[in-house]
Amino acid sequence: MEKVILTLRAVTADDAWCARLRSEVAADLLATGVPGLTVNVRDEAVRDSVMTLTTLDPPVVGVVSLWTQQYYGEQVRAAMALLDKVCDRVAAYLVTESTPLPPPDTSPGERTAGLANIALLRRPEGLDEATWLARWHIDHTPVAIDTQATFGYTQNTVVRALTPDAPPIAGIVEELFPIEAVSDLHAFFGAADDDDLNDRMTRMVASTAAFGANQNIDTVPTSRYAWRTPFVAH
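Values in this document were obtained by computation on a predicted structure and should not be read as measured data.

Draft legend 1. Representation of the side chain of T68 in the model. Tracing the backbone shows T68 in strand β3 (residues 60-68). There is a polar contact of 2.7 Å between the side chain of T68 and the side chain of Q75. With sequence-adjacent residues up to four places away left out, T68 is seen in contact with M1, E2, P35, Q75 and V76.

Encoded structure:
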């Protein structure tokens, strides 16, 4: 089983577009037979998140994650063709997935509670891949969980891009936060007061700086809709 993440970029994406992507387009994607499908959209509920960072122009407005037996097979080709019809700038990435905090179960197509924040990471020049991965996965993971109010945390390491001219990305992080985190830093970090917030942010910045995730990063606020999952937690 392989996971492919597709980013969708546009100057604007209104709520009608978001609704179509998570419903009609999702139904067409499911019809390809993919074993797993999750659709994230940058809609009204989360669009104005205080933690939004953007380097890409136009920005990412939707993210589709699918699981398939072959990243080079017909299902992925069909998915790309479908998404090309609704967004001009589609980039696909083959990834390996780690889930330190698995997302909660939801009914097919039901909105996952809260804010689904997606971060696009780049590996800095001069930092070799092995060191970058160790600092991100081994060193940073417990810090991210301890200093933020996350209740779902998925790390996707990019193996390679699958589409021409895809923006260079080395990692894609999916984090779930309480919906209050959209407008409240205390809720985002799970801080009890200003001193606690300052301590958590200081620890977080120091940890992200060690592997270059304190700069040259996109964070995309989304609503998450899981339609089908190939795995069941035991």
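What follows continues from the structure just given.
Draft legend 2. Seen up close, the pairing of strand β1 (residues 2-9). Here β1 lies mainly inside the structure; 7 of its 8 residues are buried. In this sheet, β3 lies alongside β1 in antiparallel orientation, the contact comprising 8 bridges. If you follow V4 over to β3, its bridge partner there is L66. Where β1 meets strand β4 (residues 89-101), 7 bridges bridge the pair, whose relative direction is antiparallel. Directly across from L8, in β4, lies its bridge partner V90.

Draft legend 3. A look at the state of the cysteines. Inspection of the entire model under this criterion finds 0 disulfides. There is no disulfide at C18, and the cysteine sulfur nearest it, in C87, is 11 Å away. Relative accessible area serves as the criterion here: at 1%, C18 is assigned to the buried category.

Draft legend 4. Fine view of unusual backbone geometry. Cis geometry marks the peptide bond from D57 to P58, where omega comes out at 0°. Not every positive phi belongs to a glycine, and N216 is a case in point at roughly 50°. Mapped onto the secondary structure, N216 falls in the loop between α5 (194-209) and β8 (218-228).

Draft legend 5. Structural detail: the packing of aromatic side chains. Taken as a whole and judged by the stated rule, the model has 4 aromatic pairs. Seen from their ring centres, W132 and W136 are 5.0 Å apart, and the 50° between their planes marks the pair as tilted. Here W132 and its partner W136 are both found in helix α3 (residues 129-147), 4 residues apart, which amounts to about one turn of the helix. Each member of the pair, W132 as well as W136, carries the same accessibility label: buried. Here F177 and F188 contribute two aromatic rings whose centre-to-centre distance is 4.0 Å and whose plane-to-plane angle is 20°, an arrangement assigned as stacked. Placement of the pair is F177 in strand β7 (residues 171-177) and F188 in helix α4 (residues 185-189), with a sequence separation of 11 residues. Note on F188: relative accessible area 3%, which makes it buried. Three or more aromatic residues joined by ring pairs form one cluster here, namely F177, F188 and F189.

Draft legend 6. Looking closely at the sheet that holds β8. Taken in spatial order, the 8 strands of this closed barrel run β1-β3-β2-β8-β5-β7-β6-β4, and their pairing is antiparallel. Direction aside, the axes of adjacent strands within the sheet are offset by 30° on average. In this structure, strand β2 (residues 36-41) lies alongside β8, joined through 5 bridges in antiparallel fashion. The partner of V39 across the bridge, within β8, is Y225. Helix α2 (residues 74-84) contacts β1, β3 and β4 of the sheet and is inclined by roughly 160° relative to β3. On the sheet, α3 packs against β4, β5 (115-121), β6 (152-161) and β7 and is oriented at approximately 165° with respect to β6.

Conventions we followed
Residues numbered from 1 in each chain as written. Predicted model: local features only at pLDDT ≥ 70, side-chain atom pairs only at ≥ 80, totals over all residues. Heavy atoms only, no water. Helix = DSSP H or I, 4+ residues; strand = E, 2+ residues; numbered from the N terminus. Polar contact = N/O pair within 3.5 Å; in protein donor to acceptor, adjacent residues only side chain to side chain. Contact = heavy atoms within 4.5 Å. Buried < 20%, exposed > 50% of the residue type's maximum accessible area, 1.4 Å probe, protein only. Pairing = 2+ DSSP bridges. Disulfide = S-S within 2.5 Å. Phe/Tyr/Trp six-rings, centres within 6.5 Å; stacked < 30°, edge-to-face > 60°. Axes fitted to C-alpha atoms, helices over the stretch in contact; angles between N-to-C directions.

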